Every structure is written in structure tokens, then in C-alpha cells.
Amino acid sequence: MSRLDGALDESMRRFALRLAVAVLATSALSCSGEGRRDANEASAPPSASAPGDRGLPNDVGGAASEPWPERFGFGREATQAEIGAWDIDVMPDGRGLPAGRGTVAEGAAIYAAQCVVCHGPAGKGGQYDALVGREPAQGFPFGKDAALLGKRTVGNYWPYATTLYDYISRAMPQAVPGSLAPDEVYSLVAYLLFLNGIVPKDAVMTAETLPKVEMPARRRFVQDNRRGGAEIR
Ligand code: HEC
């Protein structure tokens with residue numbers, strides 16, 4: 001036997017030994033817990049496995065019998081400031097409105113600097129959504145005439161004035177959402193409500209006054225409590 005043959009022989013022997021250890025280890029595992037599988041099944045393609053034998057929870061990591069630790073040690077508790085930064089929603093009744101105040105005149109100045117480029121002078125005629133408009137003045141035909149769908153505005157469609165605060169504060173100006181301070185948002189809200197003919201020129205918007213503003217479309221919406229069939233309104 002040449003030296004080369006001897007070396008090959010030795011490496012084959014080692015390989016066989018490793019394989020035997022691996023097979024033993026696999027079958028030992030397969031007897032050790034609820035997530036029982038035999039060695040053949042472990043190497044079979046997924047489609048060949050018996051249905052029901054691979055329920056997800058037991059299968060994860062094959063360690064179903066070990067209880068999970070109480071904590072995994074990742075991350076840390078969020079601080080109140082961090083939670084507060086996300087907790088910005090304003091409800092129809094005004095819950096969630098921050099302290100602050102704004103006037104129509106201040107709103108006009110901020111609008112001219114930050115909004116007019118997209119929404120047009122006085123809230124219409126811009127490249128994007130018109131924010132001002134009370135047409136059609138009579139009725140509420142939006143659902144009946146598809147041509148009117150693009151004509152919905154704050155003034156003729158939105159049921160709650162507080163939504164204006166919520167939306168502007170979280171989403172506008174479009175390129176830098178979240179950048180406006182509460183006083184600026186209150187001012188823009190005052191200005192847009194004024195342009196829509198809903199509040200007077202000297203209106204001051206605060207957490208107390210804004211929820212009291214009744215929008216023209218407020219009574220146009222009904223609760224959707226349909227359950228099908230003849231109950232559909
Ligand atoms: C870069 C363009 C841009 C700028 C600047 C911008 N907006 Fe908008 N705005 C949009 C677009 C686009 C939409 C529609 C977004 C959508 O429907 O998802 C929109 C929607 C709105 C709406 C909702 C309209 C509706 O009836 O659904 C309001 C209110 C609004 N913007 C207010 C403002 C205010 C106030 C400012 C200034 C602080 C501002 N926007 C600046 C592009 C802009």
C-alpha cells in the first residue's frame with residue numbers, strides 16, 4: 001500500500017466515524033423530546049413530511065421541552081418621551097390635542113411659506129388637493145356621482161374639524177411631515193377653516209375651541225352598522 005493510499009484510507013475512516021457520530025446524535029435527539037422526528041424524516045423534503053407532525057411552535061428550534069426565558073435580553077424599555085413622540089393621534093372629540101393656540105393671520109403667513117406651492121393660493125388651484133371648497137352647496141351627492149369624487153374638500157366633506165389638526169400635524173408639509181409646532185398647526189387649521197367659511201377671521205384655535213367647530217358635513221355621515229341583505233342603507 002502506497003503512502004497516498006494510506007492517507008486516503010485514513011481520511012475515509014475519519015469521515016465514516018464522523019458520519020456515525022452524526023447519525024447517533026440525530027437519533028438521540030429524535031428520542032429526547034416532544035418534537036420527535038427520526039433521522040430519515042429530518043432530511044426529507046418538506047412535502048414528504050407527515051401533515052400535523054410539523055406544527056410550528058413545537059418545531060421552532062426543536063427545543064419545545066425547554067421553557068423560554070422570561071427575557072431575551074434584547075432592547076430596553078421605551079421612555080415616556082419616545083412613546084410621546086409616536087402618540088400624536090387626535091380624536092374627533094378633541095382628545096389628544098396638545099396645548100397651544102393659533103390665529104387665522106398667523107396661519108395665512110405659514111400657508112404662504114409652506115403650503116401654497118402645492119395647494120395653490122387660498123387653498124385651491126394648486127397642483128395637489130384643493131383644501132377649500134363648499135360646492136356642491138346643496139345635498140351630499142358624492143357617493144352618487146363619480147365625477148364629484150375628486151371635488152371633496154375639507155369644507156364640503158370632512159365631518160370633524162379636529163381631523164384637520166391630526167392630519168396636518170402628522171402628514172404635512174408633504175416633504176417634512178411632523179415638522180410643524182402645535183401653534184403653527186393650530187394657525188393653519190384656523191386659516192383653512194376661515195377660507196372654507198366655517199370660522200370668522202378673528203377665530204383663535206386651541207384644544208378647547210377646535211372640537212367645538214361644527215363642520216358642514218358633520219351630519220352627512222351615518223354609522224355603518226350594516227349586516228347585509230335588506231339592512232343595507
Ligand atoms: C410638496 C407638496 C405639498 C406641500 C408643500 C403640502 N402638501 Fe398638503 N398635500 C399634498 C398631497 C400630495 C396631498 C394628498 C395626499 C394623499 O392624498 O395621500 C396633500 C393633502 C393635504 C390635506 C388633505 C386634503 C384632503 O382633502 O384629503 C391637507 C389638509 C393638507 N395637505 C394640508 C397642507 C398644509 C396645511 C400644508 C402646509 C403646511 C401642506 N399641505 C403642504 C402635498 C403637499
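Small disclaimer: the values here were computed from a predicted structure and weren't measured. (Residues numbered from 1 in each chain as written. Predicted model: local features only at pLDDT ≥ 70, side-chain atom pairs only at ≥ 80, totals over all residues.)

Residue-level account of the packing of helix H5 (residues 104-114) against helix H9 (residues 182-195), with values.
As a packed pair, H5 and H9 sit with axes 7 Å apart at the nearest point and diverge in direction by 100 degrees. Between H5 and H9, the interaxial angle falls into the category roughly perpendicular. Contacts from Val104, Glu106, Gly107, Ala108, Ile110 and Tyr111 of H5 reach H9 at Glu184, Ser187, Leu188, Ala190, Tyr191 and Phe194. Of the residues assigned to the contact of H5 with H9, the class counts are 8 nonpolar, 2 polar and 2 charged. (Axes fitted to C-alpha atoms, helices over the stretch in contact; angles between N-to-C directions. Helix = DSSP H or I, 4+ residues; strand = E, 2+ residues; numbered from the N terminus. Parallel < 35°, antiparallel > 145°, perpendicular 65-115°, else oblique. Contact = placed C-beta atoms within 7 Å. Nonpolar A, V, L, I, M, F, W, Y, C, P; charged D, E, K, R; others polar.)

Give a description of helix H8 (residues 162-171) that names residues and reports values.
An α-helical turn contains 3.6 residues, so any two residues separated by three or four positions project in the same direction. Among the residues of H8, Thr162, Leu164, Tyr165, Ile168 and Ser169 are the ones counted as buried. Axial view of H8: buried residues confined to an arc of 155 degrees, hence all on one face. In this structure, the buried residues of H8 make contact with helix H7 (154-157) and H9. (Buried ≥ 20, exposed ≤ 12 C-beta atoms within 10 Å, placed from the backbone. Arc of directions from axis to C-beta.)

Tell me about the nonpolar core, residues and numbers included.
The tendency in soluble globular proteins is for nonpolar side chains to be buried as a group. Counting 29 residues, the largest nonpolar core has Leu164, Tyr165, Val189, Ala190, Tyr191 and Leu192 as the members making the most contacts within it. Among the secondary structure elements, those contributing two or more residues to this core are H5, H8 and H9. Among the elements that take part in this core, H9 stands out by supplying 10 residues, more than any other. The contacts of Leu192, once residues within four sequence positions are left out, are Gly123, Leu131, Val132, Val154 and Leu164. (Core = buried A, V, L, I, M, F, W, Y, C linked by C-beta atoms within 7 Å.)

Run through the confidence of the model for the protein, naming residues and quoting values.
Mean pLDDT for the protein: 80, with 71% of residues reaching 70 or above. Taken together, the stretch residues 1-8 has pLDDT below 50 and engages in 1 contact with residues farther than four places along the chain or on a different chain. (pLDDT = per-residue confidence, 0-100.)

Now, about the site of the ligand: what can you tell me, with residues and values included?
Contacts to the ligand come from 18 residues, most closely from Cys115, Cys118, Met172, Pro173 and Gln174. Of all elements in the fold, only helix H6 (116-119) and H8 reach the threshold of two or more residues within the shell around the ligand. Its residues placed into classes, the shell around the ligand shows 13 nonpolar, 4 polar and 1 charged. (Near = placed C-beta within 6 Å.)

Break down the environment of Asp183 for me, with residues and values.
Inspection of the secondary structure assignment puts Asp183 in helix H9. Since 18 C-beta atoms lie within 10 Å of it, Asp183 is described here as partly exposed. Sequence separation between Asp183 and Ala99 is 84 residues, and the spatial gap between their C-alpha atoms is 8.3 Å. Among residues more than four places away in sequence, those in contact with Asp183 are Gly100, Arg101 and Gly102.

Describe the packing of H8 against H9, and please don't skip the residues or the numbers.
Between H8 and H9, the shortest axis-to-axis distance is 9 Å and the interhelical angle comes to 125 degrees. When the interaxial angle is binned, H8 and H9 end up oblique. Note that H8 runs across H9; the crossing there is right-handed. Packed against H8, whose contacting residues are Leu164, Tyr165, Ile168 and Ser169, the element H9 presents Val185, Leu188, Val189 and Leu192 at the interface. (Left-handed = near helix turned anticlockwise from the far one by under 90°.)

Report on the environment of Ala85, specifying residues and quantitative values.
The topology assignment puts Ala85 in helix H4 (residues 80-86). Considered as a pair, Ala85 and Gly178 are 93 residues apart in the sequence and their alpha carbons are 9.9 Å apart.

Which residues make up H9, and what are the values?
The end-to-end C-alpha separation of H9 is 20 Å, in line with the 20 Å expected for 14 residues at 1.5 Å each. Burial analysis of H9 places 11 of its 14 residues in the buried class, the great majority of the element. Burial in H9 covers these residues: Val185, Tyr186, Ser187, Leu188, Val189, Ala190, Tyr191, Leu192, Leu193, Phe194 and Leu195. Close packing links the buried residues of H9 with strand S1 (102-103), H5, H7, H8 and strand S2 (204-205). Phi for Gly197, located one or two positions after H9, is positive at around 75 degrees. (Expected span 1.5 Å × (residues − 1).)

Any details on unusual backbone geometry? Residues and values, ideally.
For the peptide bond that leads from Glu135 to Pro136, omega is -10 degrees, which places it in the cis range. Summarising the element assignment, Pro136 is placed in the loop between H6 and H7. The step from Met172 to Pro173 runs through a cis peptide bond, and the omega angle for that step is -10 degrees. Tracing the sequence through the fold places Pro173 in the loop between H8 and H9. Positive phi is not limited to glycine here, since Ala122 has a value of about 55 degrees. Taking the C-beta count within 10 Å as the criterion, Ala122 has 16 such neighbours and is therefore assigned partly exposed.

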